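# Structural overview for review
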Amino acid sequence: MSATEWESLCDGCGKCCLHKLEDEDTGEIAYTNVACRLLNLHTCQCKNYDTRRAFVPDCVQLTPEAAGGLRWLPSTCAYRLLAEGKELEWWHPLVSGDPDTVHQAGVSVRGRAITENRAGPLDHHIVDWPA
């Protein structure tokens with residue numbers, strides 16, 4: 001798969017750009033509704049995707065090798081689904097032909113996330129919907 005093909009797997013949901021908290025003792029992941037400051041909360045796309053690591057050094061690069069081992073990827077994520085040998089959902093833009101279906105299906109963070117610049121303590125923003 002080419003780099004362009006790999007990138008096209010992103011459904012534009014924005015869930016991977018939400019902050020997560022990991023319990024040091026149990027390894028359990030808690031999802032928050034707090035988005036990276038680079039995430040456009042309407043389009044659910046990174047504002048500076050190509051240079052994001054200059055602004056957010058710990059931004060994770062999703063690669064085919066890493067996708068299967070990233071436990072925090074939501075169950076709806078195309079990268080995770082393919083790593084698990086599953087099919088893409090009906091609302092995925094590559095299936096529907098429409099990049100807006102991810103939002104219409106209510107799968108994206110649109111209307112449900114806030115930016116980290118306004119959030120305050122992350123533990124005040126734990127939610128269960130991204131998983």
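Residues numbered from 1 in each chain as written. Predicted model: local features only at pLDDT ≥ 70, side-chain atom pairs only at ≥ 80, totals over all residues. Heavy atoms only, no water.

Time to look at the environment of Gly27. With respect to the helices and strands, the residue Gly27 is situated in the loop between strand 1 (18-22) and strand 2 (29-35). Taking the C-alpha atoms as reference points, Gly27 and Glu5, 22 residues apart in sequence, are found 32 Å from one another. Those residues in contact with Gly27, other than ones at most four positions away along the chain, are Glu22 and Arg71. (Helix = DSSP H or I, 4+ residues; strand = E, 2+ residues; numbered from the N terminus. Contact = heavy atoms within 4.5 Å.)

Bringing the nonpolar core into the picture now. Core analysis: the largest hydrophobic core is formed by 12 residues, namely Trp6, Leu9, Ile29, Tyr31, Leu62, Ala67, Leu70, Trp72, Leu73, Cys77, Ala78 and Tyr79. In this structure, Ala35, Leu39, Cys44 and Ala113 belong to the second largest nonpolar core, which totals six residues. (Core = buried A, V, L, I, M, F, W, Y, C linked by side-chain atoms within 4.5 Å. Buried < 20%, exposed > 50% of the residue type's maximum accessible area, 1.4 Å probe, protein only.)

Inspection of the secondary structure assignment puts Leu88 in the loop between helix 4 (78-83) and helix 5 (93-96). The exposure class assigned to Leu88 is partly exposed, which follows from its relative accessible area of 22%. The spatial distance from the C-alpha of Leu88 to the C-alpha of Cys36 is 25 Å, given a sequence separation of 52 residues. Leave out the neighbours within four places in its chain, and Leu88 touches Ala78, Leu81, Leu82, Leu94 and Val95.

As enumerated under the stated definition, the model contains zero disulfides in all. There is no disulfide at Cys13, and the cysteine sulfur nearest it, in Cys16, is 6.2 Å away. Of all cysteine sulfurs in the structure, the one in Cys17 sits closest to Cys16, which takes part in no disulfide; the separation is 4.1 Å. Among the residues examined, Cys16 registers a relative accessible area of 34% and is labelled partly exposed. (Disulfide = S-S within 2.5 Å.)

Moving on to the side chain of Thr76. With respect to the helices, strands and loops of the structure, Thr76 is situated in the loop between helix 3 (64-67) and helix 4. Classification of Thr76 by relative accessible area gives buried; the value is 18%.

The pairing of strand 1 with strand 2 spans four bridges and is antiparallel. Its bridge partner lying in strand 2, Leu21 is registered against Ala30. The antiparallel pairing of strand 1 with strand 2 creates a hairpin that spans six residues between the two strands, and Gly27 there sits at a positive phi of about 80°. (Pairing = 2+ DSSP bridges.)

Approximately 940 Å³ is the volume attributed to the largest pocket. Among the elements that line the lining of the largest pocket, the one with the most residues is strand 1, at five residues. (1 Å grid on protein atoms, 1.4 Å probe; cavity = no way out; pocket = protein on both sides within 12 Å on 5 of 7 lines; lining within 4 Å. Points joined across faces, edges and corners; volume = space filled by probe spheres on them.)

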